[in-house]
Each structure stands twice: as C-alpha cells, then as structure tokens.
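# A structural walkthrough
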Number of protein chains: 2
Amino acid sequence: MSAQEDKLTNSLEALARVEDDIDVVEKEVEIIRLRKMAPLYELRGKAITGVDGFWKVVLSQHSDFANYVRAADLKYIDCIKSIEMKWMCLEDNKLDHRNVAISFEFDGIDGDFEAQIVTKYFKIENDITKFKYTGKRTEEDDLRDGELGFLTSEPCQIKWPKSFNNINPSLVSDKSTAEGKKNYRTGMKSFFSWFKWTGLKVGKEFPNGDGLANLLADDIYPNCTKYYTEAQVDLEDENIDDEDLSNGPIELESSGSGSDENPKNEPEHKKRKI
Amino acid sequence: MSAQEDKLTNSLEALARVEDDIDVVEKEVEIIRLRKMAPLYELRGKAITGVDGFWKVVLSQHSDFANYVRAADLKYIDCIKSIEMKWMCLEDNKLDHRNVAISFEFDGIDGDFEAQIVTKYFKIENDITKFKYTGKRTEEDDLRDGELGFLTSEPCQIKWPKSFNNINPSLVSDKSTAEGKKNYRTGMKSFFSWFKWTGLKVGKEFPNGDGLANLLADDIYPNCTKYYTEAQVDLEDENIDDEDLSNGPIELESSGSGSDENPKNEPEHKKRKI
C-alpha cells in the first residue's frame, strides 16, 4: 500500500469513528430533549382537556393522516379525546429513544362504539429473523433493518364499533368466499387493525403501520398545537370570506417571541374537509 | 362570557403558554446539541483533510445544491477544500442558535482563480424596517419575518475567477446596454454573488441566499459524511456494472450500530453527474 493510500485509509477510518460518535451524541441529545419535554407535554395534555374536539381538529387539519386510514374510520377517529405518548428511554437510558407507548382515549357512541383507553407499545428491533413473512422483503431491506433497526409492536386489544362487524377481521368467519376475503381485506386496512399491527408480517397486516406510528410520534404529537392553530386561522379566513364574524372561533394566542424554529421546517399541511 | 367560553379561553391561554415554553426548550436543546457537536465537527474536519476531493464529492452528490448555483460555477465549487461552520450561540447563549459563520477554503487554479479562505456571517434579524427593497414583499411576509425572524448577512469579499470578468457585477461597467444588463444579471446568480448577499434587498441580489445558507447549515454540513459515503456506494455500483472492480473506491466503513435516526429522516438525495 502506498503512503497516499495509507493516509486515505486512515482518514476514512477516522471519519467513520467520528460519525459513530456523532450518532451517539444525536441519541443523547434526543433523550435530553424528550426528558425536558415530558413535563411540558403533561401540562399541554391538561390544557387540551379544556378544548373540546382538539384532536378531531388536529387530525382533520393534518394532510397526511387521512391517507393511513379508511374514510369510514374518520367518524370514530373524531371520538379521540386524548393522545398521549410515553418515551420508554426516559425510564431506561439504554433503550432506543424511538421506543414509545401511544395511548388513545376514545369517547363512545351510544349503541355502536364503546368508550375506551388503549395503549400500543412500539419497539425498535434489529433481529431480522423475527420477521414472520418475508415474501415481499429484499436483501437490501434485511441489511438496512439489521443495521438501523425496524419498528415492531405488540398487538393490542381494542373494541371495534358494531357498525364494522362485517369487516372486523376477527369476526369474518369464512375467508374462502370472495365476499369474506374482500371484507377481511377491507377490515385489515381500518385504523382499528393498526392496533393489531406487529411490523413482522409485511403484506399480511395493516399496511404502513410503522409509517402511522412515526407520523404520530414525530409530527402530529409534537406539533399538535400548531396544527390546531392553523385550523383556527383557516376557519377564521373562511368566516371572513362569508362576512360573518359574529360566531368566529376564538383564536389561540401565541406570543411567538421569535423563538420558533426556521419557518422552512414547519410541518407541511393542508386541510381535510370535515 | 359563559362558564364554558371562560374555560375554553383559559385552556387556550394555557396551551399558548406551554407552546412558548416548548419553543424555549427546543432552542436550549439545539444549543446543547451544537455544543456537543463542536469538538466532533473539529475532529471530522481534521479527518476530511486526508480525503482529497471530499467536498467536491459531497456537493456533487447532493441533489439540491446545484439548483442554487450556475453550472459554470461548478468548476470553482470543485476547488472547495474545506467547509467549516461556527455557531455563534456557543460563544454567547443569548444569540439566536441559527446565527452562524460559514468558512470556505478554496484551492486556486493557475492564472484564473486565486486560492483563498472566505468567511461569511449570517444573523437572524427581527426588525423588518431594515429591508432596503420591499417591492416584492407582502404584509404576510412582514408579519412572519417580524415574529419568527429572517436571515441576514454581511456582504463579504471574495476574489472572482478571471474567466468570470465579463459577468462579475462589480466589473460590469455599463448596465444600461442590453448586454451589460444581461451580464450583470447572470453574474448576480453566480455562487460568487452569494458572498455579497445581505437578505435585505429581495429581488435585487443573489436569489434565495437564505435558502443556500440554510441548506449548508442544516443539511450539507451535518450530513456531509453520509453524502460522501452514498457517492462511494453509487460509484461502486457503477463499477460492478462495468465488471471492473480492480480500481474500485475504498468504501467508508461505518459500524452503523443501529444508532442512526429513523431511516425515514435520511436526507433526500440523488446524484449530479460529474
């Protein structure tokens, strides 16, 4: 090996070591951030209980959320009274900072849907032998997931609305008929099937379950107040258009003391019509 | 005001206060992150000096960078030997964490382009009366910039390549002729005009100067090793396609101990053909 090649190899090795240290620091900083945020998220959760329909407005405002669920689910998603997240790394620094428990509190609908609180746990895995169906997986998928980890979850119990009895996968008795198969598949795409999602049966369970979990944990939950405020501003604009200001919504005041992040980093959004 | 309206108003006020506290914490955490990164970025910079053409590869690999500059600039951008950033908040916690100094070290090209080190300072402002041309600005722009702040910069001296004499805005003697005007405008779009960018003369100076500064500070600089590695992998793939492995590049090894961020957050990229 020439002296020049030697120098290059040494430099690239040094660079790789620095990169590993940078990853460790990013992880540490993320845990610091979550630790500082936890009491604020708790205060925020308390304030939200005084704002009827807060999560309905937030989830309607978000452009991407509706893509993960069926239109028929929205009626029950509107019943969500609270969403809370608990990052597991705050109890044990050794766990991955992406491990999270997401809790939903649902209001009920008489005769159709039971009020309930449901918590789903998500955990990063690196062991690719845990996949139960691998038909749709490539060698590249395995390499990446083994290295960076992949999201998994325990199936969790949720009571489905009665109106979904015909598509509820655990109630579809005969999957061999064309109609049974269709209903089963429809039910698997429902938001309620996401609660059974494991991340280990690609193509055989709720699609993009990890995408929905990440959307909630990385965007909707941290930015919920921004989405709520945007929805109110949009509503106000519509009311001004209608020349009817008498019943305008109360706008959420923000002192906005220039402490915001770069405006270019604002979450993208547009409104689903309610 | 009814008791219900009262409760809503109180809750929204509480929510706004929490949101302000969240913004403060985000800012604090960003300063913690930059402080922890500083020594690692210094080590990284030292390692990079041993990798010839590192920044040329990184800036070629990045899909978006080339959109900010003229194709004719690329020859000189390939002369960039080092890029370093110094976040001003590390010296005074009171400053905005987005205030940054970006330094470029250029190799020279005999008879055309002088080797030089140039540092450009960027600073967040909130005083919208500082804008010198406001023709293209809307009331909404003013409200947003006054609240969230906007990026500004001191013009800084850089020696242009001689081959650009005809478009160098400070050398275009007669801007009243059609050719003079055209050359002046072409020169204003050159990467070299970015060094004169102030952020206060929208439409009258280098376009999207803040976009380029943010791209460098928020993406290219923090992720440079990832872009370099991707370029090497792409090059290796091309070499495999050519069935010529003998001169394959040395791949940057990374232990990749699952400590990476969510792979979905990886910077987007594709290659500019060199």
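Starting afresh in each chain, residues are numbered from 1 along the sequence in its written order. Both sets of labels track the order of writing: A upward for chains, 1 upward for ligands. Local features in this predicted model are restricted to residues of pLDDT 70 or higher, and side-chain atom pairs are both shown and tallied only at a pLDDT of 80 or more, whereas totals for entire chains, interfaces and linings draw on every residue. Excluded from the side-chain calculation are hydrogens and water; included are all heavy atoms of the structure.

### Thoughts on the overall build of chain A
Secondary structure elements follow DSSP: runs of H or I of four or more residues count as helices, runs of E of two or more count as strands, with numbering from the N terminus. Of regular secondary structure, chain A possesses eight helices and four strands. Overall, chain A shows an N-to-C arrangement of helices and strands of α-α-α-β-β-β-α-β-α-α-α-α. Note on exposure labels: buried denotes an accessible area under 20% of the residue type's maximum, exposed denotes more than 50%, and partly exposed covers the range between, all computed with a 1.4 Å probe on protein chains only. For chain A, with 274 residues in total, the buried portion stands at 47%. What makes two residues a contact is simply this: any of their non-hydrogen atoms within 4.5 Å. Partitioning the contacts of chain A with sequence separation of at least 6, the portion at a separation of at least 24 is 64%. In this description, accessible areas are obtained by the Shrake-Rupley approach with a 1.4 Å probe, and a residue is regarded as covered only by the protein chains that are shown. A total of about 14,500 Å² of accessible surface is found on chain A, and carbon and sulfur atoms cover 48% of it.

### With respect to the pattern of salt bridges
For side chains bearing opposite charge, pairing can occur when the charged atoms are close. Any carboxyl oxygen of Asp or Glu that lies within 4 Å of a side-chain nitrogen of Lys or Arg is treated as forming a salt bridge with it. One pass over the structure, following the stated rule, counts 30 salt bridges over all chains. Salt-bridge contacts for Lys81(A) lead to Asp107(A); the nearest nitrogen and oxygen are separated by 3.8 Å. Placement of Lys81(A) in strand β1 (residues 80-87) and of Asp107(A) in the loop between β2 (100-106) and β3 (116-125) is noted, with a sequence separation of 26 residues between them. Given a relative accessible area of 46%, Lys81(A) falls into the partly exposed group. One salt bridge in this structure joins Glu114(B) and Lys159(B), with 3.3 Å as the shortest N-O distance.

### Quick word on helix α1 (residues 3-48) of chain A
Its 46 residues place the ends of α1(A) 64 Å apart at the C-alpha level, agreeing with the 68 Å of an ideal helix rising 1.5 Å per residue. One axis is fitted to the seven residues ending at the residue and one to the seven starting there. The bend at that residue is the angle between these axes. In α1(A), a bend of some 35° at Ala38(A) exceeds every other bend along the element, and Pro39(A), a proline, comes one to four places later. In this analysis, the expected span of each helix is defined as 1.5 Å times one less than the number of residues it contains.

### Observations regarding the packing of aromatic side chains
Working definition: a ring pair exists when centres of Phe, Tyr or Trp rings (six-membered ring for Trp) sit within 6.5 Å. Plane angles under 30 degrees give stacked, over 60 give edge-to-face, the rest tilted. Taken as a whole and assessed by the stated rule, the structure comprises 52 aromatic pairs over all chains. Between the aromatic rings of Tyr76(B) and Phe164(B), the centroid separation amounts to 5.2 Å while the plane-to-plane angle is 75°, which identifies the pairing as edge-to-face. A residue pair is termed long-range when its members are at least 10 positions apart, and Tyr76(B) in helix α3 (residues 74-77) and Phe164(B) in the loop between β4 (150-153) and α5 (178-188) qualify at 88 residues. For a ring to carry a charge above it, either NZ of a lysine or CZ of an arginine must fall within 6 Å of the ring centroid while also lying within 35 degrees of the normal to the ring plane. The residue whose ring lies beneath Arg137(A) is Phe131(A), and the NZ or CZ to ring-centre distance is 3.8 Å.

### Thoughts on α5(B)
All names here are of chain B. Taken together, the buried positions of α5 are occupied by Gly180, Asn183, Gly187 and Met188. The buried residues of α5 occupy one face: seen down the axis, they fall within an arc of 135°. Exposed residues lying more than 90 degrees from the buried face of α5 are Ala178, Lys182 and Arg185. The elements touched by buried residues of α5 are α6 (191-194). The arc refers to the directions leading from the helix axis to the C-beta atoms.

### Considerations on the sheet that holds strand β3 (residues 116-125) of chain B
Residue and element names in this part refer to chain B. Pairing is antiparallel across the open sheet formed by four strands, whose spatial order is β1-β2-β3-β4. Of all strands in the sheet, those with a lone pairing partner are β1 (80-87) and β4, marking the two edges. Sheet twist, expressed as the average angle between the axes of neighbouring strands with direction ignored, equals 25°. The criterion for strand pairing is that DSSP finds at least two bridges linking the strands in question. The pairing of β3 with β4 spans four bridges and is classified as antiparallel. Residue Glu125 lies in a different strand from β4, and its bridge partner there is Phe150. Structural elements are reduced to axes, namely lines fitted to C-alpha atoms, with helices fitted over the stretch in contact, and the angle between N-to-C directions of any two is expressed from 0 to 180 degrees.

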